Amino acid sequence: MRRTVFNEDHEAFRETIRAFIEAEVVPVYDEWLAAGQAPRDFYYKLGELGVFGISVPEEFGGAGLDTHKFEAVLYEETARAGVAFGGSGVHVLLALPYIKMLATDEQKKRYLPKFVTGEEMWAIAMTEPGTGSDLAGMKTTARLSEDGTHYVLNGAKTFITGGVHADRVIVCARTAAPTAEDRRHGISLFAVDTKSEGYSVGRKLDKLGLKTSDTAELAFVDVKVPVEDLLGEENKGFSYLGHNLASERWGIAFGAYAQAKAAVRFAKQYVQERTVFGKPVAHFQNTKFELAACQAEVDAAEAVADRATEALDAGELTPAEAASAKLFCTEVAHRVIDRCLQLHGGYGYMNEYPIARLYADNRVNRIYGGTSEIMKTIIAKDMGL
């Protein structure tokens, strides 16, 4: 089946990214894994390459392209090479939509030029130690000062990807108490400067996978946030968070599909090279059947991911459709990567092989951005159940 989601511009971008990965990432990736994060200066290179500015308006230094297809190419190419770009995905996929949607013209002039170059890396802080999917239960507070010039931020966040290197973090905090009618009322968003007094980065978390992304705990003790750094309207933060969930879940779905596709590539290469009982592993019927079944699942996931991409670019991807794409693609990736690791035998369990790292990296896809169970709830509700 001929794929139609990408055009010549996307394929030219793919060639550029593939060459960049081979030159700038693959030779040093083991060092990143050992350090548990990509180096800060790597993000300047991504800025120079134009990765951060694809959908940023031209007046702020970007390319002004209103599409997610270049991000899709990034997912495919990093998965193909068995690498990741550290925590930079949060910078573009999660933080940028809030800036574009909520920032005033004055804020965009301050934020976006440095965003594009990588001079200011962004993250987003929603989850708290005692609050996961139930964001309405967050305890972090931001109280307006008596003179009205700033908010005073107090609280803690956890599982913040990009939290170590971040220069600004979109922090979700309570500016008012919830009401009896609406637990979600009273949440606001702030673009917090990480150099602010009272802001601190706690542990860099030791995760099962995604070893090159700097995931951290954050703490705020009487952090003064200028009123000029409030994003959007006060107390309407929860509705803003819901608005961008579709694009976030698309990103997870597409990334999972790309990982599954890469797993088949890694397994095919391995079984053609590995010999047992005097024959390449690829010659055995079980190997052929397993890879054929995996390829069929990847083909289906690709169709779902591509359809979601087109819908997202057209502004038509509904919450239920995004949930469906995420559920399907992440579950496919789980099955395919597991079977491809099995074909590697004992070597599949060794971290020096990309399939092992892929196995660990993939596991979180069914958790973050909303668990598979939450996705099923959303889909069922859309079905009228």
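Everything below is about the structure shown above.
From a predicted model like this one, the values you see are computed outputs, not experimental measurements.

A. How the structure looks around the layout of surface pockets. Taken as a whole, the second largest pocket encloses approximately 490 Å³ of empty space. Taken together, 21 residues make up the lining of the second largest pocket; nearest its centre are H68, P97, N244, S247 and L312. Where the lining of the second largest pocket is concerned, the elements lending two or more residues are α5 (88–102), α8 (245–273) and α9 (285–313). Per-element tally for the lining of the second largest pocket: the top contributor is α5, with six residues. A per-class count over the lining of the second largest pocket returns nine nonpolar, seven polar and five charged.

B. Inspection of the environment of N365 at higher detail. Position of N365 relative to the elements: it lies in the loop between α11 (354–362) and α12 (372–382). With 38 residues separating them along the chain, N365 and L327 place their C-alpha atoms 9.2 Å apart. In this view, N365 contacts I252, A256, Q259, K326 and T330; residues no more than four positions away in its chain are not counted.

C. Spotlight on a nonpolar patch on the surface. Side chains of Y347, Y349 and M350 sit close together on the surface and give an oily, nonpolar patch of about 360 Å² of accessible area. Turning to its location among the elements, Y347 is positioned in the loop between α10 (319–343) and α11. Residue class for Y347 comes out partly exposed when judged on its relative accessible area of 38%.

D. Focus on empty space enclosed by the protein. Taken as a whole and assessed by the stated rule, the structure comprises two cavities of 30 Å³ or more. Here the largest cavity defines a volume of roughly 50 Å³. In terms of lining residues, the largest cavity is bounded by Y43, G87, S88, H91, M121, W122, G162, H165, A166 and D214. Residue classes in the lining of the largest cavity are distributed as four nonpolar, five polar and one charged. When its volume is computed, the second largest cavity comes out at roughly 30 Å³. Lining the second largest cavity we find L93, L94, Y98, I124, M126, N244, S247 and E248. When contributions to the lining of the second largest cavity are tallied by element, the ones reaching two or more residues are α5 and α8. In terms of residues, the lining of the second largest cavity owes the most to one element, α5, which gives three residues. Considering only residue class, the lining of the second largest cavity consists of five nonpolar, two polar and one charged.

E. Region of the structure containing helix α1 (residues 8–25). Taking 1.5 Å of rise per residue, 18 residues should cover 26 Å, and α1 covers 25 Å from first to last C-alpha, within 8% of that figure. Sitting at the amino-terminal end of α1 is N7, which places a side-chain oxygen 2.9 Å from the backbone nitrogen of D9.

F. Local environment of the nonpolar core. The biggest cluster of nonpolar side chains holds 110 residues, and the ones touching the most others in it are V25, F42, Y98, L153, L189, V336 and C340. Tallying contributions element by element places α8 first for this core, with 15 residues. For V336, the contacting residues outside a window of four places in its chain are A260, A263, V264, C294, E297 and V298.

G. Geometry of the pattern of salt bridges. The tally for this structure, following the rule as stated, stands at 22 salt bridges. The shortest N-O distance in the salt bridge between E11 and R14 comes to 2.8 Å. Linking E11 with R14, this pair stays in helix α1, spanning three residues, or about one helical turn. Residue E11 is classed as partly exposed on the basis of its relative accessible area of 33%. Across the salt bridge formed by R40 and D167, the nearest N and O atoms sit 2.9 Å from each other. Here R40, found in helix α3 (residues 40–49), pairs with D167, found in the loop between β3 (150–161) and β4 (168–174); they are 127 residues apart in sequence, far enough to count as distant. You can call R40 buried: its relative accessible area is 18%. Within the structure, one salt-bridge network assembled from shared partners comprises R3, E11, R14, R18, E76, E77, K261, E302 and D306.

H. Quick look at the packing of α9 against α10. In contact at an axis separation of 10 Å, α9 and α10 are set at 155° when each is read in the N-to-C sense. Here α10 runs roughly antiparallel to α9, going by the angle between their axes. The way α9 lies across α10 gives a crossing that is left-handed. Where α9 abuts α10, its residues T287, E290, L291, A293, C294, E297, V298, A300, A301, V304, A305 and A308 lie against A325, F328, C329, V332, R335, V336, R339, C340 and L343. Tallied by class, residues from the contact of α9 with α10 come to 16 nonpolar, one polar and four charged.

I. Focus on the side chain of E302. Secondary-structure assignment places E302 in helix α9. For E302, a relative accessible area of 18% gives the class buried. Excluding residues that lie within four positions of it along the chain, E302 makes contacts with R3, Y257 and K261.

J. How the structure looks around the pairing of β4. Burial analysis of β4 places seven of its seven residues in the buried class, the great majority of the element. Across four bridges, strand β1 (residues 122–125) lies against β4 in parallel orientation. Following the sheet pairing, W122 is matched in β4 by R168.

K. Inspection of the packing of α1 against α3 at higher detail. It is the contact of α1 with α3, at a shortest axis distance of 12 Å, that shows an interaxial angle of 155°. The angle between α1 and α3 places the two elements in the roughly antiparallel class. Here α1 and α3 pass one another in a crossing that is right-handed. Residues T16, I17, F20, E24 and V25 of α1 lie in contact with α3, whose contacting residues are F42, K45, L46 and L49. Here the contact of α1 with α3 is built from residues that sort into six nonpolar, one polar and two charged.

Basis of the calculations
Residues numbered from 1 in each chain as written. Predicted model: local features only at pLDDT ≥ 70, side-chain atom pairs only at ≥ 80, totals over all residues. Heavy atoms only, no water. 1 Å grid on protein atoms, 1.4 Å probe; cavity = no way out; pocket = protein on both sides within 12 Å on 5 of 7 lines; lining within 4 Å. Points joined across faces, edges and corners; volume = space filled by probe spheres on them. Helix = DSSP H or I, 4+ residues; strand = E, 2+ residues; numbered from the N terminus. Nonpolar A, V, L, I, M, F, W, Y, C, P; charged D, E, K, R; others polar. Contact = heavy atoms within 4.5 Å. Patch = residues over 30% accessible without salt bridge, like charges linked within 9 Å, V, L, I, M, F, W, Y side chains within 5 Å. Areas by Shrake-Rupley, 256 points an atom, 1.4 Å probe, with all protein chains shown as cover. Salt bridge = Lys/Arg side-chain N within 4 Å of Asp/Glu carboxyl O. Buried < 20%, exposed > 50% of the residue type's maximum accessible area, 1.4 Å probe, protein only. Expected span 1.5 Å × (residues − 1). Polar contact = N/O pair within 3.5 Å; in protein donor to acceptor, adjacent residues only side chain to side chain. Core = buried A, V, L, I, M, F, W, Y, C linked by side-chain atoms within 4.5 Å. Axes fitted to C-alpha atoms, helices over the stretch in contact; angles between N-to-C directions. Parallel < 35°, antiparallel > 145°, perpendicular 65-115°, else oblique. Left-handed = near helix turned anticlockwise from the far one by under 90°. Pairing = 2+ DSSP bridges.

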